[in-house]
Amino acid sequence: MFDSNYERSNFPHVRPDWLAQVAEPAIEPELAVIDPHHHLWDVQSAFYHAPEFVADVSSGHRVVATVFVECKAHFDSDVAAGFAPVGETRFAVAQARAAVDLPRGHAGLVKGIVAYGDPFVPNARGVLEAHLEAGAGRVRGVRVRAAWHADPAFAAPAGGPDANTIASPELDRYCGLLADMGLVLDLWVYHTQLDQAAALAARHPRLSIVLNHCGGPLGIGPYAHSRAEVRKAWGQSLARVAAHRNVVVKIGGLAMPRTGLSFAEADKPAGSADLVERWTPYVLICIDLFGPERSMFESNFPVDKGSCNYVSVWNAFKLISAGYPLDARRAMLAGTANRVYALGVEELTKEATP
């Protein structure tokens, strides 16, 4: 998986006793939720397989489907160059099937898979076809990790992206291939790279791009004491990304340590009111720029579980979006993800307001 130094700096420590200090009921449990961004892995400090995820999604909100996003888990070994990540896709499918058989079984988990995407492999089409075959009809796209910053506070994992990844000719060729194959590109960048992300979207108007984690606003290292300045710069660059109609934003991931918005060091986990207070400016800017039809809320679990529990995350999103029309809220909670990832959750069509 990831090298140990990267894991120590970026991965959560899930502490059940600490999380148990905050327990709140799910608000508006009748609203359908699709969680379009979660992981499953063997990370020692935050072990997360089907049983742990089923327990979270069964804790109060009506989660009708989820999308697993690559996290370098269960890669194959001793395979041809570029094909190792196909093992993770098989692992995700196995976890989906395991979730159905649990006591609180859930058939909607891992309804979609965003597999590991490497634009630099020599046989990219062959690798993508192998993902599709291993995914048993669940693979909807790939994620390219282009997040890079020169400051040591944001050191990339071993073998990770560098400064040139986001603007490389290899990524351009890969984007063309994804568009030809009808696959979605999940893109992870930091706010300092958003103008390059906008340029990428402009070069590939046929490609459906999902911008991860609000576009990656940073809040540690050189940005630790300049939150207002970062938010202004981030918002200006994010607007240039949003101008491209082929881009959708995932709203979440704000509890990651690199954002400076984490509660991991607090005496107790964040409740929804704490999350609302800290996240609202970022969430509202995303919605304002992209509109509900191009916005989807995400849990980013178990990464964000280092700060709060699953009920609190979705309560916060429901509270922040409370002033929007019902149709808009349904889009951000489930409808946008259902459409963009072609999940085909039929019950959502029955909820549409005439």
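Details of the structure are given in the entry above.
Residues numbered from 1 in each chain as written. Predicted model: local features only at pLDDT ≥ 70, side-chain atom pairs only at ≥ 80, totals over all residues. Heavy atoms only, no water.

(A) Structural detail: the sheet that holds strand β5 (residues 184-188). Sheet architecture is open: 8 strands sit in the order β1-β2-β3-β4-β5-β6-β7-β8, paired in parallel fashion. With one partner strand each, in any of the chains shown, β1 (32-38) and β8 (295-297) form the two edges of the open sheet. Strand-to-strand, the axes of this sheet are offset by a mean angle of 25 degrees, without reference to chain direction. The sheet contact formed by β1 and strand β2 (residues 62-69) spans 5 bridges and is parallel. Note that in β2 the partner of Ala-32 across the bridge is Arg-62. Of the strands in this sheet, β4 (139-145) and β5 touch helix α6 (residues 169-181), which is tilted by about 170 degrees from β4. (Pairing = 2+ DSSP bridges. Helix = DSSP H or I, 4+ residues; strand = E, 2+ residues; numbered from the N terminus. Axes fitted to C-alpha atoms, helices over the stretch in contact; angles between N-to-C directions. Contact = heavy atoms within 4.5 Å.)

(B) How the structure looks around the pattern of salt bridges. Counted by the stated rule, this structure contains 11 salt bridges. For Asp-180, the salt bridge identified is with Arg-206, shortest N-O distance 3.0 Å. In this pair, Asp-180 sits in helix α6 while Arg-206 sits in the loop between α7 (194-203) and β6 (209-211), placing the two residues 26 residues apart along the sequence. Each of the two residues, Asp-180 as well as Arg-206, counts as exposed. Of the charged contacts in the structure, one is a salt bridge between Asp-195 and Arg-240, with a shortest N-O distance of 2.8 Å. Placement of Asp-195 in helix α7 and of Arg-240 in helix α8 (residues 227-242) is noted, with a sequence separation of 45 residues between them. Arg-240 sits in the partly exposed class, given a relative accessible area of 42%. (Salt bridge = Lys/Arg side-chain N within 4 Å of Asp/Glu carboxyl O. Buried < 20%, exposed > 50% of the residue type's maximum accessible area, 1.4 Å probe, protein only.)

(C) Structural detail: the packing of aromatic side chains. Per the counting criterion, the structure on display carries 11 aromatic pairs. When the centroid spacing of 6.1 Å and the interplanar angle of 40 degrees are considered together, the rings of Phe-154 and Tyr-223 count as tilted. Within this pair, whereas Phe-154 is found in the loop between β4 and α6, its partner Tyr-223 is found in the loop between β6 and α8, the two being separated by 69 residues in sequence. Among the residues examined, Phe-154 registers a relative accessible area of 3% and is labelled buried. (Phe/Tyr/Trp six-rings, centres within 6.5 Å; stacked < 30°, edge-to-face > 60°.)

(D) Just the nonpolar core, in detail. In terms of nonpolar packing, the biggest core is built from 86 residues, with Trp-41, Leu-185, Leu-187, Ile-251, Trp-279, Val-283 and Phe-297 touching the most fellow members. Among residues more than four places away in sequence, those in contact with Phe-297 are Ile-34, Pro-36, Ile-251, Val-283, Ile-287, Trp-314, Phe-317, Ser-321, Met-332 and Leu-333. Core analysis: the next-biggest nonpolar cluster, separate from the first, contains 18 residues, Val-114, Val-184, Met-296 and Val-340 among them. (Core = buried A, V, L, I, M, F, W, Y, C linked by side-chain atoms within 4.5 Å.)

(E) How the structure looks around α7. Listing the buried residues of α7 in full gives Leu-194, Ala-197, Ala-198, Leu-200 and Ala-201. Considered in projection along α7, the buried side chains sweep an arc of 160 degrees and stay on one side of the axis. Against α6, β5, β6, α8 and β7 (247-251) lie the buried residues of α7. (Arc of directions from axis to C-beta.)

(F) Highlighting α8. With 16 residues, α8 ought to run about 22 Å at 1.5 Å a step, and its terminal C-alpha atoms sit 21 Å apart, in line with that. Residues Val-230, Trp-234, Gly-235, Ser-237, Leu-238, Val-241 and Ala-242 constitute the buried set of α8. If you follow the buried residues of α8, they end up packed against α7, β6, β7 and α9 (272-290). (Expected span 1.5 Å × (residues − 1).)

(G) Inspection of the environment of Ala-242 at higher detail. Inspection of the secondary structure assignment puts Ala-242 in helix α8. You can call Ala-242 buried: its relative accessible area is 6%. As for Ala-242 and His-37, which are separated by 205 residues in sequence, their C-alpha atoms are 20 Å apart. Look past the residues within four positions of Ala-242 in its chain and what remains in contact with it is Leu-289, Phe-290 and Arg-294.

(H) Spatial organisation of the environment of Glu-277. Mapped onto the elements of the fold, Glu-277 is located in helix α9. For Glu-277 and Ile-320, which are 43 residues apart along the polypeptide, the C-alpha to C-alpha distance reads 9.3 Å.

(I) Inspection of unusual backbone geometry at higher detail. Note that the residue after Phe-301, namely Pro-302, is joined by a cis bond; omega there is 0 degrees. Along the polypeptide, Pro-302 turns up in the loop between β8 and α10 (310-320). In this model, Asp-78 sits at a positive phi of 55 degrees, which is unusual for a non-glycine residue. Looking at where Asp-78 falls in the secondary structure, it is placed in the loop between β2 and α4 (86-101). Phi is positive for Ala-136, close to 50 degrees, though the residue is something other than glycine. When you line up the elements, Ala-136 lands in the loop between α5 (124-134) and β4. The partly exposed category is assigned to Ala-136, whose relative accessible area is 44%.

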